Every structure is written in C-alpha cells, then in structure tokens.
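Residue-level structure breakdown
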Amino acid sequence: MKIAVIGTGYVGLVAGACFADSGTHVTCVDVNQARLDELKAGKVPFFEPGLEAMVTRNHRERLHFTTDLATALNGCSVAFIAVGTPPNDDGSADLSHVLDVAKDVAHLATDDIILVLKSTVPLGTNQKVRDVVRGCAHKVSVVSNPEFLKEGAALGDFLKPDRVVIGTDDDHAFEMLSRLYAPFNRQRDRLQRMSPVSAEIVKYSANALLATKISFMNEIALLCDQAGADVEDVRLALGSDRRIGYEFLYPGLGFGGSCFPKDLRALVHTATELGIKLQVTQAAIDANREPVKALLGHMERDLGALKGKTIAVWGLAFKPGTDDVREAPAFTLIEGLLKRGAKVRATDPQALTTAKARFEFLGIEGVELNSDSLAICEGADALVLATEWSAYRSPDAGKLARLMTGRHIFDGRNALIKGELVDAGFIYRGVGRS
Ligand SMILES: NC(=O)c1ccc[n+]([C@@H]2O[C@H](COP(=O)([O-])OP(=O)(O)OC[C@H]3O[C@@H](n4cnc5c(N)ncnc54)[C@H](O)[C@@H]3O)[C@@H](O)[C@H]2O)c1
C-alpha cells in the first residue's frame, strides 16, 4: 500500500516512520523545506528516542520526503493529515491548516482516496472536512483516527498502541485501515471502530481525564503541605487501589506540553458552543495554575525577597524524554522568578535549543542557559528541579553543597533523593511533603 502523511511533526513523522518500518511505502509531506532537508540528511529536527534511527533505516527505500503534495498523492490510497491545530485566542482549535490540506488533497488526488484525520480536531471537524471535499473528481472517504502517542515514548506507543480508534461509517475505509494497522495489531485486536464524532470525543476526553488526574493530585499535594502530611504516602496508597492506579498520579508543577493545555481549552470551547458546561475540565485547567504559584510562595517564604537572588533551574522541557517546551511549567516558574527580580540560570539535557527559541518568542530576557547542570549551581542561592530527567535525580550532594552559596533545594517533581541532600546540609522542600 502507498500512503502519504502530511505534516512531519511529532505525530506525522512518528506515524510515517512506523508505517514505513512495517513495510508500507510512505511519502511524508511538509511545507517546511528546512525541516525536510534535515530529514533527508538523516537528522530528526526534534528529540524523540529511537526515531532518528528508524527514519534513517527506512529513508529512500520506503520513506520519502517532499514538499510537493501532488507527487506524494500519485498512486496513493490513504492520506493522513497530521498538521498542527494550534489554539486561537478564544481557546478554540485553529483548523485552517487541516482544512487547507484537505482541500488540496481532494483536488490533487489521482484516484479515490481515504483521507485520515490524525491531527487532534474538535467535534464536528470530520463533517466540516467532508463539506470541504464534496464535489471533487474522486471519492474521498474522511476517517477520524486520533493519535494517542506520548512524546518521549512515541515509537512504543505507536507500535504497541493501547487502542487504535477508527471513526468511520465506510466499510471499505475501515478495511483499508485495518490492513495498514495490521502489523501493530497482532497480539490482540486493538482496533475500535465507531462513528467519526465519537472518535473525536474520545481523543479530547482522554486528554481531559488524564489532565484532571494530574490537577486533582496537585490539589491534594497543596492540602498535604498545609495539613503537614506527606503526599508520597498518600499517592502510594491511592495508586494501589486498582480502580485508581498509579499512572498520572504524581504531583508536580502542573501539566504542560503541546496537547493537554490546548486540547482542554478546545474541549471546553466546543462544549460551550453546544450549550454544555464542562465544569470538571474547566476546574482542571484552573487548578493547573496553582502549583507554580505555590512554589513561588514557598520560595519567598524560605529565601526571603527573591530580588537579586540567583536561582538555578534544572529542566525546561514540559516532561522528560522530549525537547518540547511548549507550555512547560518551567517557563511560568522562570517568568515568576524574573518578575520578582531573581537572576535565573537554567539547564536541560535536550531542550536548550528549543528553550532559547521559546524565550525569544515569549520575549523573556535575561535567563542564562548552560548545558552544565552543576556549573549553573555555582554561587546559587537555591536550586529548583522543574523537570524530572533521570540525569538529575541523584546529584552528587557533597559537590552541590560546595558549589552553592545557599542551602535550599525545591524539588518541583518529588524526584530527588531527599535523604542524601539533607545529609549534605540542604533544606529540601518537595511538593506536598511539608
Ligand atoms: N505532539 C504530540 O504528542 C501529539 C500527540 C497526539 C496528537 N497530537 C496532535 O497531532 C497534531 C500534530 O501535532 P504535532 O505535535 O506533530 O505538531 P507539530 O507542530 O510538531 O508539527 C506539525 C507539522 O505540520 C506541518 N504543516 C503545517 N501546515 C502544513 C501544510 N499545509 N502542509 C504540510 N505540512 C504542514 C508543519 O510545518 C509541522 O512540521 C496536532 O493536532 C496535535 O494536537 C500531538
């Protein structure tokens, strides 16, 4: 089978590489020529473990890159749309890229084609796309097939998905996608067929439910702090209840990234348009502002006025395993520190380049970036762990104590080994650990 994947971001490139790796002939299309040049040279323009090797071993044989959509669609039976759906100012999803691509595919297709919506799109988009492609020369079947991969574990998630949701009322389209996904569907049947609108709801409600779990736990952490409890004990006891489970139960600085914040806002926006008030989802969004606020409060109480203080920040990516810094809590924290007059030095094992670009984009100046996590601690009054990269979890406490001027460590992810730090003379403060 010959397919096209339009958009070579996290989702499009992972999907394209994984399909190619399982024997499908894939042409990836993007409007970003520089990105395609990098890909052709064997370089993946973002950090995703294992992806570069997979792209390299399939490139030219089964995986091709082009900016020319017509070339990609020549003889192609399935086209995936995996372009971005960034937020508009009112929280709704900007569908312009998706609709533009759908229109182009419909006009350039050389035969009947299955057009698969893989981008995260609000309820009713499948119908909107059908309206856009109506009347073109060939039959275009529009299928909703949302993607659930996690950055940092994207290949594993794509190759061994929990489920593959296929929203379609077209039997032929379902049959074709079943064939395409067959290599990832061997252990058990992971395909879940439903109506397009149900598929659209699944994607948003999955993200809303996971984000709600995070916000709930962050709120319980605030309560633990106030009440003198240890949220780690609470987490373990909650997680051991099989109805709850351990996943997404870690308190921290809040959720971020390119999906949860924008998808929750888009869900609330669509529901409002339909006359439904999503109070739980809205509460999860509102509660997500509290953890960084609470941390800044603790820092001011423990260190006194932050003006002139030097603060080292470990971690800028929104989570470990990625260089994605979109809506990362570390940025809200750093903005808060700078506003209070602190001097900020920051590091990250993968996200220094993306962070530099993001600081420029946000107009945030004065952050000293350095790849050396110990060097930024020299003379620092305090250290904050903002992203729980494993490289940061067990620092040389004695060395850190010799380097830093201050004795305060704020563990925004409860990931550091408290005992070693306390033994080295540090005052350790985790999240919800009073
Ligand atoms: N990143 C994730 O973890 C994730 C997970 C599941 C779903 N999603 C959803 O998948 C979609 C894509 O996300 P992403 O993170 O891969 O986005 P991204 O921003 O990393 O990549 C999007 C790509 O699409 C390209 N593009 C834009 N307009 C185009 C056009 N007209 N023709 C060809 N290419 C075009 C851009 O140049 C870019 O390379 C979004 O809707 C997102 O919400 C993302």
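Preceding this section is the structure that the text describes.
Scope of this entry: the structure provided in the associated data block. (Residues numbered from 1 in each chain as written. Predicted model: local features only at pLDDT ≥ 70, side-chain atom pairs only at ≥ 80, totals over all residues. Heavy atoms only, no water.)

Topic: the site of the ligand
So the rule is basically this: Summary of the distance rule: residues count as near a molecule or strand when at least one heavy atom falls within 4 Å of that molecule or strand. Under this definition, polar contacts are N or O atom pairs within 3.5 Å; protein pairs additionally need one hydrogen-donor-capable and one acceptor-capable atom, and for neighbouring residues in sequence, both atoms have to be side-chain atoms. Per-residue and other accessible areas follow the Shrake-Rupley method at a 1.4 Å probe size, with only the shown protein chains counted as cover for residues. Numbering of helices and strands runs from the N terminus, with a helix taken as a DSSP run of H or I at least four residues long and a strand as a DSSP run of E at least two residues long. All amino acids are sorted into three groups, where Ala, Val, Leu, Ile, Met, Phe, Trp, Tyr, Cys and Pro are nonpolar, Asp, Glu, Lys and Arg are charged, and the leftover types, Gly among them, are polar.
The environment of the ligand is formed by 26 residues, the closest being Asp30, Thr85, Thr120, Glu151 and Lys262. One of the backbone nitrogen or oxygen atoms of threonine 120 is found 2.9 Å away from an oxygen atom of the ligand. In the complex, the protein chains occlude 86% of the 840 Å² of accessible area that the ligand would expose alone. Every element with two or more residues in the shell around the ligand is listed here: helix H1 (10–21) and helix H5 (96–108). In the shell around the ligand, the residues fall into 9 nonpolar, 10 polar and 7 charged.

Considerations on the environment of glutamate 368
The condition is simple: In what follows, residue pairs with any heavy atoms lying within 4.5 Å of each other are defined as contacts.
Positionally, glutamate 368 belongs in strand S11 (residues 368–369). Along the chain, glutamate 368 and lysine 356 lie 12 residues apart, while their C-alpha atoms are 9.7 Å from each other. Here glutamate 368 is in contact with Val344, Arg345 and Ala346, once residues within four sequence places are set aside.

Re helix H10 (residues 231–239)
Worth spelling out the cut-off: When a residue's accessible area, from a 1.4 Å probe over protein chains only, is under 20% of the maximum for its type it is buried; when over 50% it is exposed; and in between it is partly exposed. Our arc is simply the arc of the directions from the helix axis toward the C-beta atoms.
The complete set of buried residues in H10 reads Val231, Glu232, Arg235 and Gly239. Projected down its long axis, H10 carries its buried residues within an arc of 100°, all on one side. The exposed residues of H10 that point more than 90 degrees off its buried face are Asp233 and Ala237. Summarising the contacts, the buried residues of H10 are in contact with helix H9 (196–227). The opening residue of H10 is aspartate 230, an N-cap whose side-chain oxygen sits 2.9 Å from the backbone nitrogen of glutamate 232.

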